[in-house]
Amino acid sequence: MDQTQRRILDQLFPIPTSQPKKKRTPVMSFFSKVSGKLSFQKREPLKTMFSILAERARDPSAKKRHMAMKGLGTLACDAPGKVRKYKKIVLDLLVHGLYDPVSSEVIYESMTTLSIILVKIQGKGLGSFFIDITLQTRILLDDENDSLRYSAFVLFGQLAAFAGRKWKKFFTTQVKQTRDSLLIHLWDRNPQVAQACKTTFRACSSYLRLRKEYSFQSEEEQRNPKLCRQLSHYHPELLQFFYANKIL
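Residues numbered from 1 in each chain as written. Predicted model: local features only at pLDDT ≥ 70, side-chain atom pairs only at ≥ 80, totals over all residues. Heavy atoms only, no water.

1. Looking at helix H3 (residues 45-57)
For H3, built from 13 residues, the straight-helix expectation of 18 Å at 1.5 Å per residue is met to within 8% by its first-to-last C-alpha distance of 18 Å. Of the positions making up H3, those classed as buried are Leu-46, Thr-48, Met-49, Phe-50, Ile-52, Leu-53, Arg-56 and Ala-57. (Helix = DSSP H or I, 4+ residues; strand = E, 2+ residues; numbered from the N terminus. Expected span 1.5 Å × (residues − 1). Buried < 20%, exposed > 50% of the residue type's maximum accessible area, 1.4 Å probe, protein only.)

What follows is the structure, given as structure tokens:
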């Protein structure tokens, strides 16, 4: 068993050291069985690992689901080659975590790991997962949880970079529907979220450009006076950027 697999098992099966020895024995026994199983199945130890992760990712316990997402994050950081080999399995588990119905910790860990994986695979081979990730990330841009909003803006900005020709039309529609959120969170109460939003807005700017043939109003009429005043006061460089790219 390599160090990465050991770290993941430590996350999936933490041993409560504060408990009496008698209560720790069954846990130690279970941990030893899992470790032994992975050690002796030399042919396909990774499949066994992913089988455990998949089981934990769908466990009724939110804590176990969270541990599974952390395990996938460990794999993404320490063994990117293994993640590429089992990309579809990993993405399926992470998207499942992204739509977790009750745990913000599971959702946060899923988004964080997805951000890492997108960089590792350069957005290639996402398939229909691109749609699933985009739709849920859009919703999380307005979440009350600061950490979720921050991670959502980071992930949405990455999706803008990896949309490619295949998903350009779909993502353009999503960005246009997200325009209000992108503008509002430039003044987010959390400075980190505001900065992430600013970066993401720049990444999405090419999807917001207006085509001349669909422009029937003068340049001045198209601009939002109130918004322009706010931008000129708080973010003058962004206002200039929007004008240059015909976003406003």
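2. Comments concerning helix H10 (residues 164-184)
Of all the bends in H10, the largest measures some 50° and sits at Thr-178. Those residues of H10 that fall on the buried side of the exposure criterion are Trp-167, Phe-171, Thr-172, Gln-174, Val-175, Thr-178, Ser-181, Leu-182 and Leu-183. (Bend = angle between axes of the 7 residues up to and from the residue.)

3. Brief notes about the nonpolar core
Within the largest apolar cluster, 54 residues are counted, with the highest numbers of intra-cluster contacts made by Leu-72, Met-111, Ile-117, Ile-133, Phe-171 and Val-175. Elements with a minimum of two residues in this core: H3, helix H4 (62-78), helix H6 (87-98), helix H7 (104-121), helix H8 (129-140), helix H9 (146-162), H10 and helix H11 (191-208). Per-element accounting of this core gives the leading share, eight residues, to H9. In this structure Phe-171 touches Phe-130, Thr-134, Phe-156, Leu-159, Ala-160, Ala-163, Cys-204 and Tyr-207, once residues within four positions along its chain are discounted. (Core = buried A, V, L, I, M, F, W, Y, C linked by side-chain atoms within 4.5 Å. Contact = heavy atoms within 4.5 Å.)

4. Concerning the pattern of salt bridges
With the rule as written, the count across this model stands at six salt bridges. With a shortest N-O distance of 3.4 Å, Glu-55 and Arg-56 are connected by a salt bridge. Accessibility expressed as a relative area gives 9% for Arg-56, which makes it buried. Where Asp-146 meets Arg-149, a salt bridge forms, and the shortest distance between an N and an O atom there is 2.7 Å. A residue pair is termed a helical-turn pair when its members lie 3 or 4 positions apart in one helix, as Asp-146 and Arg-149 do in helix H9 at three residues. On the basis of relative accessible area, Asp-146 is assigned to the partly exposed category, the value being 27%. (Salt bridge = Lys/Arg side-chain N within 4 Å of Asp/Glu carboxyl O.)

5. A few points about the packing of H7 against H9
Running from N to C, H7 and H9 cross one another at 30°; their axes reach a closest spacing of 10 Å. Accordingly, the angle class assigned to the pair H7 and H9 is roughly parallel. For the pair H7 and H9, the sense of crossing is left-handed. Counted together, Ser-104, Ile-107, Tyr-108, Met-111, Thr-112, Leu-114, Ser-115, Leu-118 and Val-119 of H7 and Ser-147, Leu-148, Ser-151, Ala-152, Val-154, Leu-155, Gln-158, Leu-159 and Phe-162 of H9 form the full contact between these two elements. When the residues that make up the contact of H7 with H9 are grouped by side-chain class, the tally is twelve nonpolar, six polar and no charged. (Axes fitted to C-alpha atoms, helices over the stretch in contact; angles between N-to-C directions. Parallel < 35°, antiparallel > 145°, perpendicular 65-115°, else oblique. Left-handed = near helix turned anticlockwise from the far one by under 90°. Nonpolar A, V, L, I, M, F, W, Y, C, P; charged D, E, K, R; others polar.)

6. Overview of the packing of aromatic side chains
Within this structure, the stated rule accounts for seven aromatic pairs. On the basis of an interplanar angle of 40° and a centroid distance of 4.8 Å, the ring pair of Phe-50 and Tyr-86 is categorised as tilted. Remark: Tyr-86 occurs in the loop between helix H5 (80-85) and H6 and Phe-50 occurs in helix H3; sequence separation between them is 36 residues. Residues Phe-130 and Trp-167 carry aromatic rings whose centres are separated by 5.8 Å and whose planes lie at 10° to one another, so their mutual orientation is stacked. Remark: Trp-167 occurs in helix H10 and Phe-130 occurs in helix H8; sequence separation between them is 37 residues. For Trp-167, a relative accessible area of 16% puts it in the buried group. Among the aromatic residues, ring-to-ring pairing joins Phe-130, Phe-156, Trp-167, Phe-170, Phe-171 and Tyr-207 into one connected group. (Phe/Tyr/Trp six-rings, centres within 6.5 Å; stacked < 30°, edge-to-face > 60°.)

7. Considering the state of the cysteines
Each disulfide is one covalent bond, formed between the sulfur atoms of two cysteines. Here the structure, examined in full by the defined rule, presents zero disulfides. Free cysteine Cys-197: the closest other cysteine sulfur is in Cys-204, separated by 9.1 Å. Judged by relative accessible area, Cys-197 falls into the buried class, the value being 0%. (Disulfide = S-S within 2.5 Å.)

8. Some remarks on the side chain of Thr-200
If you trace the backbone, Thr-200 turns up in helix H11. With near-sequence residues (within four places) excluded, Thr-200 lies in contact with Phe-153, Val-154, Phe-156, Gly-157 and Leu-182.

9. Concerning the environment of Met-111
Within the element layout of this structure, Met-111 appears in helix H7. With 26 residues separating them in the primary sequence, Met-111 and Thr-137 have C-alpha atoms 8.3 Å apart. Every residue in contact with Met-111, bar those within four places of it in the chain, is listed here: Leu-98, Leu-140, Leu-148, Ser-151, Ala-152 and Leu-155.

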